[in-house]
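Secondary and tertiary structure notes
Chain residues, written in single-letter form:
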Amino acid sequence: MMDSGKGRVTRREFVKGTAAMMAASGGGAALFASPGWAGSATAGQEQARRVIIDTDPGVDDALALLLAMRSPELKIEGITPVAGNVPLELTLPNALRLVEIAGRSDIPVAAGARGPLVRRLVTATYAHGENGLGGAVFPDPTTKPIDEPAAEFIRRIVRKYPGEVSLITLGPLTNIATALNLDPELAGMIRGLTMMGGSLSGGNITPAAEFNIYVDPEAARIVFQSGIPLTMVGLDVTRKTSLTDEHVRVLQAAQNPVSQAAAKIGRNAIDHTRERGYLVGPNMHDSLAVAGFLDLSLLKLEPFYVDVETNGELTAGATLGYSPVAGDLRRKPGMEKNAAALNMPIRGAAPTLASRKTSPVLRETWTPNVQVAVDVDARRFFDLLIGRLAGKT
Ligand code: RIB
Ligand code: CA
C-alpha cells in the first residue's frame, strides 16, 4: 500500500491500494459475495492462529481476555493495553492481573498509549468503575510488562510472522494507528483485524459514536483506510449480548480461578449497571469480538465502505456505513454479484459556500473496506463464552 510518505494513507492512495489488493487477492469477489452468516473460521483449523490483543480493561475486556486465554485456537503473541475505559495506569495492571488469573504469564504484555493521537483522553469510569473492573478487587500483579512499547511490539511481531498475525482490538485504536504510522508497510503484512468498535445504528457515549471510535477517531480513520482486511463487531450486534444473573450463577458454580474471577467481575458489573438504573446489561461487547474471531459463524456479515467522522463537534467518532445492497432499501437478491450495478458515489457533507469544492462526492465508486457484523447468534455466543470461562468447553 503506497502512502503519501508521511506514514498516513491518503484516501486516494487507499482507494488505489484497496482496489489493487482486492483484484490481486480476488477479495473483490469475496467482498461482493452475497452477505450472510459466515462460515466458521475454525472449521478444519489445525494450528493455533497467531493474534495480538489490544485492549483497555475494562469489565468486558476482562471477560474477553479470559475467554481468549482459555481458547486453544489462539496463539496469543501478546497483549497491548491502551488508555480508554480507564487511564493506562489502570489498564496496564488490569491486563497483568488477568494474565496471572488465567495462569498465562507466558504472554508478553507491552504497554501502549496513554492517550489518543490528537485529543484529550475521555474515559468511561462511569461504566467500568474507578478501578476499571467494575469495582471487583484483585491482588496487585507481580508480573511485569516487557520493556518494548506496544506499537514497536506490534510492528516486530507482525514483521516476524508476515501474513500470519491477526489483531483483535477491544479498545481505542491508538496503538494500532501508531504502529501503522511507524511502519507504512505494516498494513500489507497484517492478516486481518477484528475490532470491537463502531456502530451503524447509533452510539453509546454520544448518539453518534461508539466509545472506542469516539475516544480516538483519527486513529480509527487510519485503521479503516489502511487496507487491512477488517471485521467490525459494533454495537449493532453487541447490544444483543447482555450478561445475566444466570450466566454469573453458572460461572460461580464452576470451581476454577478463571470462572471465579469472571463471576466476581460479572456480579459487580451487573450490580453497578442496576444501580445506574439499567434493566439489562452489561453487554459483552469485547467478548463478542473475540468469540466472532474464534467462530465467524456466530455473526452475519455484510460488506460496507465505512469511514469515520473526525470533524463533527457533536458527531466525531461516528462510523458511517455505505452500502448499495444493505440497509432498508435492499436491492433484489443477486444484485450484490453485479458489481456494475453496485457502483454508487460516496457522498460527504454538502460543500459550504466558502469551500472551493462544488460537489459532495468524496469517492466516485463504492469499494468495501470492512465486513460489518449485522446480526449475531446470541445463544451460541453465550454457550461459547460461559462454557469456556466455566471450563466446560
Ligand atoms: O463501546 C464499547 C466498548 O467501549 C468496549 O470495548 C468497552 O470495553 C469500551 O472500551
Ligand atoms: Ca474495551
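Now for a description of the structure that goes with this document. (Residues numbered from 1 in each chain as written. Chains lettered and ligands numbered in written order. Predicted model: local features only at pLDDT ≥ 70, side-chain atom pairs only at ≥ 80, totals over all residues. Heavy atoms only, no water.)

Details of the overall build of the protein
When helices and strands are counted, the protein shows 15 helices and 11 strands. Within the protein, buried positions represent 55% of all 393 residues. In the protein, once contacts between residues fewer than 6 apart in sequence are set aside, the share between residues at least 24 apart is 78%. (Helix = DSSP H or I, 4+ residues; strand = E, 2+ residues; numbered from the N terminus. Buried < 20%, exposed > 50% of the residue type's maximum accessible area, 1.4 Å probe, protein only. Contact = heavy atoms within 4.5 Å.)

Focus: the site of ligand 1
Taken together, 13 residues lie around ligand 1, and Asp-60, Asp-61, Leu-170, Glu-210 and Asp-286 are the ones closest in. Residue Glu-210 places a side-chain N or O atom 2.5 Å away from an oxygen atom belonging to ligand 1. Within the side chain of Asn-212, one N or O atom sits 2.9 Å away from an oxygen atom of ligand 1. Bound to the protein, ligand 1 loses 97% of the 280 Å² it would expose on its own. Among the secondary structure elements, those contributing two or more residues to the shell around ligand 1 are helix H3 (59-69), helix H8 (211-215) and helix H13 (285-294). When its residues are assigned to classes, the shell around ligand 1 shows 3 nonpolar, 5 polar and 5 charged. (Near = heavy atom within 4 Å. Polar contact = N/O pair within 3.5 Å; in protein donor to acceptor, adjacent residues only side chain to side chain. Areas by Shrake-Rupley, 256 points an atom, 1.4 Å probe, with all protein chains shown as cover. Nonpolar A, V, L, I, M, F, W, Y, C, P; charged D, E, K, R; others polar.)

Brief notes about the packing of aromatic side chains
Per the stated rule, a full pass over the model turns up 2 aromatic pairs. Centre to centre, the rings of Tyr-305 and Tyr-322 are 6.0 Å apart; their planes meet at 50°, and the pair counts as tilted. A residue pair is termed long-range when its members are at least 10 positions apart, and Tyr-305 in strand S7 (residues 299-308) and Tyr-322 in strand S8 (residues 319-322) qualify at 17 residues. The two residues Tyr-305 and Tyr-322 agree in class, both being buried. Relative to Phe-382, the ring of Phe-381 lies with its centre 4.8 Å away and its plane at 55°, an arrangement referred to as tilted. Taking NZ or CZ as reference, Arg-50 lies 3.5 Å from the ring centre of Tyr-161, over its face. One residue, Lys-264, lies across the ring of Phe-138, its end atom 4.4 Å from the ring centre. (Phe/Tyr/Trp six-rings, centres within 6.5 Å; stacked < 30°, edge-to-face > 60°. Lys NZ or Arg CZ within 6 Å of the ring centre and 35° of its normal.)

Details of helix H9 (residues 217-224)
The buried fraction of H9 amounts to 7 of the 8 residues, a majority that puts the element mostly inside the structure. Taken together, the buried positions of H9 are occupied by Pro-217, Glu-218, Ala-219, Ala-220, Ile-222, Val-223 and Phe-224.

Things to note about the environment of Ala-349
Take Ala-349: it is sitting in the loop between strand S9 (346-347) and strand S10 (361-363). Residues Ala-349 and Leu-362, spaced 13 residues apart in sequence, show a C-alpha to C-alpha distance of 9.2 Å.

Considering the pattern of salt bridges
Summed over the entire model, instances satisfying the criterion amount to 20 salt bridges. Here Asp-183 makes a salt bridge to Arg-159, at a shortest N to O gap of 2.5 Å. In this pair, Asp-183 is assigned in the loop between helix H7 (174-182) and strand S5 (192-196) and Arg-159 in helix H6 (residues 150-160), connecting sequence segments 24 residues apart. For Lys-240, the salt bridge identified is with Asp-375, shortest N-O distance 3.0 Å. Pair noted here: Lys-240 is in the loop between helix H10 (235-238) and helix H11 (245-253) and Asp-375 is in strand S11 (residues 370-376), with a separation of 135 residues, a long-range link. By sharing partners, the salt bridges in this structure join Arg-50, Lys-75, Glu-77 and Glu-164 into a single network. (Salt bridge = Lys/Arg side-chain N within 4 Å of Asp/Glu carboxyl O.)

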